[in-house]
Amino acid sequence: MWERFCFYGMRGMLTYFMVYQMLMDKSVANLQYGATQAWVYAFTFIGGLFADKILGFKKSLFWGGLLMIVGSILLMISPKDFFFTGIAFVIIGTGFFKPNISSMVGQLYKSGDNRRDAGFSLFYSGINIGAFLGGILMIGVGKGEILSSVIPENLRWNVAFALVAVVMIISLFTFALNHKKLGPIGMSPFKSEDKGKARKYEWAVYIGALACIPLIQIMVANTVYTDYFMYFIGPFSLLYLFYEMTKLERKDNLKLIAALVFIIFSVVFWAIFEQAGGSLSIYAAEHLKKDLIGLPIDPNMVNNSGNAMFVIFFAPVVGLLWLWMSKKKFEPNSVVKFGLGFLFLGIGFYTFFTGKFFADAAGMTSLNLFTFGYLIITFGEIALSPIGLSLMTKLSTQKLQGVMMGMWFLASAYGQYVAGLFGSSITPEDGASAVEKLNVYSEGYKQFGIYAIIAGVVLIAISPIVRKLMGDVK
Ligand code: GLN
């Protein structure tokens, strides 16, 4: 919950901060936003791998949390001067934290336990409480919408970035007090007789992570380097997986291929969904009226947190709906659920597009309609994302759990990266009128909506084939 507070809090501020505080070009800001987010998720792949092989989940969490705290303190001291350094710390910290939390949820259930999907839904609601709070509080403090009477104007962004350190300290304390309840889950994979060796490897991971900080800083500031990395890491991870597959039986391999189908489609999903932190964040700032069913609510807060709030309420409802449908024997299978996820995403983006028909002469349109669009998108996310996590833990063999979870998040890295490209491609000319700008965004969202619907239809059409690959997994 607290880690997602930081992630979604920062996600909601980055593009805004780059454009309106660091005065960057919007298109560059979109690309750098995409690169930042891509690195967060790329590092989850690396963090997952090191946790599996060396640190174990528990130590990974502490190390990750610590790096996030340091990054936040740097950003608090001077958000503009330490922007890329602070972000680099937070990126790597999140990489050590995020995937391991999800894998630990998977380990709470024995194989075949039918509460696993429900467990992931509950987990998903939980992390979204953090996303909701972070998304509102961080940008709210930064923009002066919250606590403006107690925080001096020149320190608002410093305090906003400092919130990461505050909540991660709470998070690490909570974990330190409770981790015993997890029993052996999350211990280092080394046996006790290898103490010396384990220490050496551990220190190598810590030092290696610190050595990556200047690299990440350069890569995010110069997005072409991120491009090169993205060209490399995907094919590399696939080759690695194929190598692992040579050691497995045919039926396990077929399951892994099914997992890959889900992973590849999820790239498209996140590329569209993740306009949220990029182009939609500028769209919200410039084209939405500050009026949500009569209340003067900041559109950026809705953009950052509306989705999380809907997840908190509706993930359990959808969970119950699946259970009810399964009792009546017409629960859609996971592939069809994925397809439905895309259809909802498409309709949601189409709803954003229709905003332009309700705009005034200043290019300002309805926050209510925008919020409704997010409601629809959220149903898509619930149909796809927690199920994806659960499927990764079901379709992979015991030894490949961490790697497959890593690949699932690596797909999010690609999604984020493509989201930056998409967002940058629909950036209006600076000199354009407000109405023209609104038009450019709206046409873009319509296009993304169409892509999502095509992907959904394709998935539903190929669902019988994917089902076959999945064997006994539902
Ligand atoms: N909202 C989810 C989370 O924060 C999904 C993120 C993702 O996989 N891109 O965990």
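Cut-offs and rules
- Residues numbered from 1 in each chain as written.
- Predicted model: local features only at pLDDT ≥ 70, side-chain atom pairs only at ≥ 80, totals over all residues.
- Helix = DSSP H or I, 4+ residues; strand = E, 2+ residues; numbered from the N terminus.
- Rg over C-alpha atoms; globule rule 2.2 N^0.38 Å.
- Expected span 1.5 Å × (residues − 1).
- Bend = angle between axes of the 7 residues up to and from the residue.
- Axes fitted to C-alpha atoms, helices over the stretch in contact; angles between N-to-C directions.
- Parallel < 35°, antiparallel > 145°, perpendicular 65-115°, else oblique.
- Contact = placed C-beta atoms within 7 Å.
- Nonpolar A, V, L, I, M, F, W, Y, C, P; charged D, E, K, R; others polar.
- Core = buried A, V, L, I, M, F, W, Y, C linked by C-beta atoms within 7 Å.
- Buried ≥ 20, exposed ≤ 12 C-beta atoms within 10 Å, placed from the backbone.
- Left-handed = near helix turned anticlockwise from the far one by under 90°.

Caption draft 1: Structural context of the overall build of the protein. Of the regular secondary structure elements, the protein holds 14 helices and zero strands. When its helices and strands are written in sequence order, the protein yields α-α-α-α-α-α-α-α-α-α-α-α-α-α. Taken over the C-alpha trace, the protein has a radius of gyration of 22 Å; the compact-globule value for 474 residues is 23 Å, and the two agree within 12%. Overall size of the protein, expressed as C-alpha extent along the three principal axes, is 70 × 50 × 40 Å.

Caption draft 2: Quick look at helix α1 (residues 2-20). In this model α1 runs 27 Å from its N-terminal to its C-terminal C-alpha over 19 residues, within 8% of the 27 Å that 1.5 Å per residue would give. The principal kink in α1, of about 30°, is found at Met13.

Caption draft 3: Structural context of the packing of helix α2 (residues 26-77) against helix α6 (residues 195-221). Two elements in contact, α2 and α6, have axes whose closest approach is 12 Å; the angle formed by their N-to-C orientations is 175°. Classed by the angle they form, the pair α2 and α6 counts as roughly antiparallel. Contacts between α2 and α6 involve Gln32, Ala35, Thr36, Trp39, Phe50, Ile54, Leu55 and Trp63 from the former and Tyr201, Glu202, Val205, Tyr206, Ile216, Met219 and Val220 from the latter. Taken together, the residues of the contact of α2 with α6 sort by class into 12 nonpolar, two polar and one charged.

Caption draft 4: Representation of the nonpolar core in the model. Of all hydrophobic cores here, the largest spans 146 residues; its most connected members are Cys6, Trp39 and Val164. Sorting elements by how many residues they give to this core places α2 first, with 24 residues. Apart from the residues lying within four places of it in its own chain, the contact partners of Trp39 are Ile91, Ile216, Met219 and Val220.

Caption draft 5: Summary view of the environment of Trp322. Here Trp322 is to be found in helix α10 (residues 299-327). Owing to 18 C-beta atoms within 10 Å, Trp322 belongs among the partly exposed residues under this scheme. Between the C-alpha atoms of Trp322 and Trp157, which are 165 residues apart in sequence, the distance is 43 Å.

Caption draft 6: Seen up close, the packing of helix α8 (residues 250-273) against helix α12 (residues 367-395). Here α8 crosses α12 at 150°, and the two axes come no closer than 10 Å. Classified by the angle between their axes, α8 and α12 sit roughly antiparallel to one another. Helix-helix and strand crossings are classified by hand; for α8 and α12 the assignment is left-handed. Where α8 abuts α12, its residues Lys255, Leu256, Ala258, Ala259, Phe262, Ser266, Phe269 and Phe273 lie against Ile377, Glu381, Leu384, Gly388, Leu391, Met392 and Leu395. The residue inventory of the contact of α8 with α12, partitioned by class, reads 11 nonpolar, two polar and two charged.

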